[in-house]
Amino acid sequence: MKHILKILVNNHPGVMSHVSGLFTRRSYNIDSIAVGMTQDPEISNMVIVVKGDDSVVEQVKRQLLKLPDVIEVEDLAYHDCISRELVLVVVKVEDSNRTEIISICEVFQAKIADLTKTTMTIEFSGNTRQVEHFMEMMQKYGIQEIARTGQIALKYRST
Amino acid sequence: MPKTEAKISGARLMVELLEEYGVDIVFGYPGGAILPFYDELYKSTKIKHILVRHEQGAIHMAEGYARSTGKLGVCIATSGPGATNLVTGLTDAKLDSVPILAITGQVATNAIGTDAFQEADIYGITIPITKYNALIKSADDIARHFQEATLVALGGRPGPVLLDFPKDVQTELTSVRKVDKLKIDSRHYQKPPIGGDLDSFAAALNKAKRPLLYVGGGAINANASKEIREMAEKGNIPVTTTLMGIGAFPGTHQLSVGMLGMHGTAYANKAVLECDYILNLGARFDDRVAKPGEFAENAVRAHIDIDTAEFNKRVSVDYLLHGDLKEVLKALIPKVNKVDRPEWVGFLDTLKKNHPLEFDDTTDTIKPQGFLQKLYEKSKGKAIVSTDVGQHQMWAAQYYLFEEANRWLTSGGLGTMGYGLPAAIGAKFGNPNKTVICVSGDGSIQMNIQELATIAMYKKGVKILIFNNNFLGMVRQWQELFYEERFSESEWNYNPDFVKLGEAYSIKGLRISNKSEIDKALEFFLEDDDARILEVMIPAEEKVFPMIPAGKSQKDMIEFSDTVRAGKK
Ligand SMILES: Cc1ncc(C[n+]2csc(CCOP(=O)(O)OP(=O)(O)O)c2C)c(N)n1
């Protein structure tokens, strides 16, 4: 089972090591990790996607809460949050398939960020399923390089 | 942050904060990067600094001091090698939940990260082994970091904290000495409210026919001995303790079944198998005690702890309560039924009679078990006892009984050889009027033997008992039982003359090897409050029993009588 943990931490150097160190030390598997500032510059938001059954994730949460720099940990259920990941992918292009790739990008609403005679750099963002799906489509053209941000997420609002 | 008029140096401020906090003793070792702080310490009339011979000694002394007094233990080291010498002690304190404040010197802030002389990233190194750590970047931050560090060290489940103190921050002037806002959340230092349902928890306990209390080191940290005794007596519930919990319940009490686990008593381990309800009080289902899936598998399992991360960590529990153990027990006791349990208590009494701690006492050689029994009698069970790690540690845990908490100092979680001697010295500084005995082995004692100099320099009357088997005894025991007697690197035929070594430090010593010498040796050992070394020669083949082989459960326990029957004693 995948869990999305939203972790609010004090924004100062070393906190990232404290948090990621905890995962390594207890050999919890991180799928992705993304960090950014919040509206309060003193506080950062970390989104960590972990695999594990409920008891493992419960243990992760409790261990995280023992770190003095961790302010809050929330386990966001997949279905009630908006999650996004940004990917930059470089694919090989030939004259014969260029239009084909462009039309796939249109369908996915992916942006073409750069184009050369032999490559195309595409920017795509979406939730995990969409990203995986898109990457699958690109696979056949020959992926040369990828950069992914890891997932960020926010809960749906009820009002 | 509010300002006071006069500016003082960071080093001065650190000393004043320690003084205001009530620290009157620190253990340490100077060096270049911590000199401004030492210069201020020199001027302090309130803080006594104990100069050790190795920083590992300093931190174990701070641990022994903290554990035997319940106060914060403070140690100081310089940057780089000084700081890294604290690593074992910090890890030890983390695993055994000992409140320690370590202050380390660091190269000047503009040199940090340049591989400067004697630079080590002690902040990074100690992230996984401290409860809290900080690199102080400005003298204006000292007050806040100091307050956060001390609160965290002693708050909740106690533990070690480290403040890394760059040399230029020590000399920087500041007027910030009061903090108006801490960055850490109050949950890290305030007592948590009781979490969980007391009524259903109590109901499950009251329903039990054969309940057992399983008491860990957390009971000592929470100062909950009185409440545990009250609850045990009210419900006639037998009590077993972990290695760390020794002393939390009187070892001589009729309801005591002693220590459980790998080298626990047979009756404690059998009680675990027979009970229908087990209540963990501040223990952590450590792997030397509990095998997941097989620990008390027929019993309802309940757990009270201040650290929620311990719940269901290794062993699943049916009922749990979160909170300060003392407070939780106070709330729980009125709900516990007053019952006599003649059958269950009687059953355990029979177990005690039929499965006692045993050893072969028919030879003229000295058996460590018998020796410790005598030591217990002669010191009237009143000593503070520290140990190193190995067979001697387990024999001491089995044969020296404690009536009170904070008298038993041992490295339980990390199993640190070299802990015993400095821990005893720290305890003696904290308890000058008590007898303090370090029980060690010929291997362990040599891991921090340089601290004999600290004993001599401060004239501390620490009693050092060395069981000499010319072996790393516990290693030998495992090799004998599980590696077909291939004694790979566990035997040595060279030890220094420990008695003469003591003399070199003006510490009186004696060596004995025959049973007939025990009485007079103990008299010599305990006659006054001076330091003594007593070297006791014991047979290398002597083993610790009972034993549950590593990774096995209570069901697989080997008792002394099993080995006699198999002709392998
Ligand atoms: C620092 C450290 N290194 C190694 C060990 C592994 N170890 C555990 S017990 C033991 C033997 C201890 O021998 P000794 O101190 O002579 O005590 P005895 O078992 O003979 O009583 C060893 C090497 C340890 N616990 N700590």
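Everything numeric in this text was worked out from a predicted model, so none of it was measured.

1. Examining the overall build of chain B
In terms of helices and strands, chain B carries 22 helices and 20 strands. Here chain B has a C-alpha radius of gyration of 24 Å; the compact-globule value for 569 residues is 25 Å, and the two agree. Structurally, chain B occupies a C-alpha span of about 75 × 60 × 40 Å along its principal axes. Within the span of chain B, comprising 569 residues, buried residues form 59% of the whole. Put simply, of all contacts in chain B between residues at least 6 apart along the chain, 76% involve residues at least 24 apart. If you average the places of the 66 positive and of the 72 negative side-chain charges in chain B, the two averages end up 3 Å apart.

2. Some details on the overall build of chain A
Assigned secondary structure in chain A consists of four helices and nine strands. With respect to the three principal axes, the spread of C-alpha positions in chain A is 55 × 35 × 30 Å. In chain A, buried positions account for 42% of the 159 residues. Within chain A, contacts between residues at least 6 apart in sequence are counted, and of these 73% link residues at least 24 apart. Element-wise, carbon and sulfur atoms account for 52% of the exposed surface of chain A, whose accessible area totals about 9000 Å². Computing the positive centroid from 18 side-chain charges and the negative centroid from 21, chain A places the two 3 Å apart.

3. As for the domain arrangement of chain A
All names here are of chain A. Splitting chain A by domain gives domain 1 (2–76) and domain 2 (83–155). The C-alpha centroid of domain 2 is placed 28 Å from the C-alpha centroid of domain 1. On the domain 2 side, the residues contacting the nine residues of domain 1 number eight residues. Among the residues of domain 1 in contact with domain 2, Ala34, Val47 and Leu76 are the three that bury the most area, contributing 42% of the side total. Scanning the region where domain 1 abuts domain 2 turns up one salt bridge. In this structure, lysine 155 engages glutamate 74 in a salt bridge whose closest nitrogen and oxygen atoms are separated by 3.0 Å. Summed over the shared surface of domain 1 and domain 2, the result is two residue pairs in polar contact (both at pLDDT 80 or more). For the side of domain 1 that touches domain 2, the secondary-structure elements that each account for two or more residues are strand S1 (2–10), strand S2 (30–37), strand S3 (43–51) and strand S4 (70–76).

4. Points about the side chain of B:Ser68
Residues and elements named next belong to chain B. Along the chain, serine 68 turns up in helix H3 (residues 55–69). Among the residues examined, serine 68 registers a relative accessible area of 8% and is labelled buried. At 2.8 Å, the side chain of serine 68 forms a polar contact with the backbone oxygen of glycine 64. Setting aside its immediate chain neighbours within four residues, serine 68 contacts Ile384, Asn406, Leu409, Ala427 and Asn431.

5. A word on the pairing of S2(A)
Residues and elements named next belong to chain A. With seven bridges connecting them, S2 and S3 associate as antiparallel partners. Looking across to S3, one finds that isoleucine 30 is bridged to valine 50. Counted between consecutive antiparallel strands, the loop separating S2 from S3 contains five residues.

6. Structural notes on the nonpolar core
Residues and elements named next belong to chain B. Grouped together as the largest cluster of nonpolar side chains are 56 residues, with contacts concentrated most on Phe295, Phe371, Leu465 and Val536. The element best represented in this core is helix H16 (residues 391–399), accounting for five residues. Apart from residues lying up to four places away in sequence, phenylalanine 295 is in contact with Tyr214, Leu260, Val272, Ile278, Phe285, Val289, Ala290, Arg301, Val315 and Gln554. Counting 45 residues, the second-largest nonpolar core is a separate cluster that includes Val52, Leu409, Ile425 and Tyr458.

7. Here we look at the site of the ligand
Residue and element names in this part refer to chain B. Residues in contact with the ligand amount to 17 residues; listed here are only the nearest, Gln391, His392, Gly415, Ser444 and Gly473. Between the ligand and glycine 415 there is a distance of 2.8 Å, counted from a nitrogen atom to a backbone nitrogen or oxygen. Between asparagine 469 and the ligand, the recorded distance is 3.0 Å, taken from a side-chain N or O atom to an oxygen atom. Here the ligand, which alone exposes 590 Å², has 76% of that area covered by the protein. Residue assignment for the shell around the ligand shows that the elements contributing at least two residues are H16 and helix H19 (473–482). Tallying contributions element by element places H19 first for the shell around the ligand, with three residues. For the shell around the ligand, the per-class residue count stands at seven nonpolar, nine polar and one charged.

8. Section: the interface of chain A and chain B
Chain A puts 16 residues into the contact, and the matching count from chain B is 18 residues. Counting the surface chain A buries against chain B, the share from its top three residues, A:His18, A:Arg62 and A:Pro68, is 39%. Counting across the chain A and chain B interface gives one salt bridge. We note a salt bridge from B:Asp307 to A:Lys66, for which the minimum N-O separation is 2.6 Å. The tally of links between chain A and chain B comes to eight residue pairs in polar contact (both at pLDDT 80 or more). Those elements that place two or more of their residues in the side of chain A that touches chain B are helix H1 (15–25), helix H2 (54–65) and S4 of chain A. Element by element, the count of residues in the side of chain A that touches chain B is highest for H2(A), at four residues. Of the residues belonging to the side of chain A that touches chain B, the class tally is six nonpolar, six polar and four charged.

9. A look at a nonpolar patch on the surface
A grouping of B:Leu481, B:Phe482 and B:Tyr483 is seen on the molecular surface, where their side chains present a nonpolar patch of about 270 Å² in accessible area. Tracing the chain through its elements places B:Phe482 in helix H19.

10. Looking at the sheet that holds strand S19 (residues 508–512) of chain B
Residue and element names in this part refer to chain B. In space, the six strands of this open sheet follow the order S16-S15-S17-S18-S20-S19, with parallel pairing throughout. At either margin of the open sheet sits one strand with a lone partner, and together these are strand S16 (408–409) and S19. Of the pairings in the sheet, the one linking strand S15 (residues 384–387) to S16 comprises two bridges and is parallel in character. Its bridge partner being in S16, serine 386 is matched across the sheet by leucine 409. On top of the sheet, helix H15 (residues 368–378) reaches strand S17 (436–441), strand S18 (462–468), S19 and strand S20 (532–537); it is set at about 160° to S18, its chief contact.

11. A few points about the state of the cysteines
Each disulfide consists of one covalent bond between the sulfur atoms belonging to two cysteines. All names here are of chain B. Scanning all chains against the criterion turns up zero disulfides over all chains. With no disulfide of its own, cysteine 75 has cysteine 438 as its nearest cysteine by sulfur position, at a separation of 19 Å. Residue classification places cysteine 75 among the buried residues on the basis of a relative accessible area of 0%.

12. Things to note about the packing of aromatic side chains
All names here are of chain B. Under the counting rule described, the total for this entry stands at 22 aromatic pairs over all chains. Taking 5.9 Å as the distance between ring centres and 80° as the angle between the ring planes, the aromatic pair formed by phenylalanine 359 and tyrosine 399 counts as edge-to-face. Of this pair, phenylalanine 359 sits in the loop between helix H14 (342–354) and H15 while tyrosine 399 sits in helix H16; the two residues are 40 residues apart in sequence, bridging distant segments of the chain. Given the relative accessible area of 6%, tyrosine 399 is considered buried. Each member of the aromatic cluster is reached from another via a ring pair, and the members are Phe27, Tyr65, Phe429 and Tyr458. Between the NZ or CZ atom of arginine 532 and the centre of the ring of phenylalanine 524, over which it lies, the distance is 4.9 Å.

13. Quick word on the packing of H1(A) against H2(A)
Residues and elements named next belong to chain A. At their nearest, the axes of H1 and H2 sit 11 Å apart, and the two run at 140° to each other. The pairing of H1 with H2 is recorded here as oblique in orientation. In this structure, H1 crosses over H2, and the sense of that crossing is right-handed. Facing H1, whose interface residues are Val19, Leu22 and Phe23, H2 presents Val60, Gln63 and Leu64.

So, how was this worked out
- Residues numbered from 1 in each chain as written.
- Chains lettered and ligands numbered in written order.
- Predicted model: local features only at pLDDT ≥ 70, side-chain atom pairs only at ≥ 80, totals over all residues.
- Heavy atoms only, no water.
- Helix = DSSP H or I, 4+ residues; strand = E, 2+ residues; numbered from the N terminus.
- Rg over C-alpha atoms; globule rule 2.2 N^0.38 Å.
- Buried < 20%, exposed > 50% of the residue type's maximum accessible area, 1.4 Å probe, protein only.
- Contact = heavy atoms within 4.5 Å.
- Lys, Arg positive; Asp, Glu negative; His and termini not counted.
- Charge placed at Lys NZ, Arg CZ, Asp CG, Glu CD.
- Areas by Shrake-Rupley, 256 points an atom, 1.4 Å probe, with all protein chains shown as cover.
- Domains from an automatic or database assignment.
- Buried area = accessible area lost by both parts, 1.4 Å probe.
- Salt bridge = Lys/Arg side-chain N within 4 Å of Asp/Glu carboxyl O.
- Polar contact = N/O pair within 3.5 Å; in protein donor to acceptor, adjacent residues only side chain to side chain.
- Pairing = 2+ DSSP bridges.
- Core = buried A, V, L, I, M, F, W, Y, C linked by side-chain atoms within 4.5 Å.
- Near = heavy atom within 4 Å.
- Nonpolar A, V, L, I, M, F, W, Y, C, P; charged D, E, K, R; others polar.
- Patch = residues over 30% accessible without salt bridge, like charges linked within 9 Å, V, L, I, M, F, W, Y side chains within 5 Å.
- Axes fitted to C-alpha atoms, helices over the stretch in contact; angles between N-to-C directions.
- Disulfide = S-S within 2.5 Å.
- Phe/Tyr/Trp six-rings, centres within 6.5 Å; stacked < 30°, edge-to-face > 60°.
- Lys NZ or Arg CZ within 6 Å of the ring centre and 35° of its normal.
- Parallel < 35°, antiparallel > 145°, perpendicular 65-115°, else oblique.
- Left-handed = near helix turned anticlockwise from the far one by under 90°.

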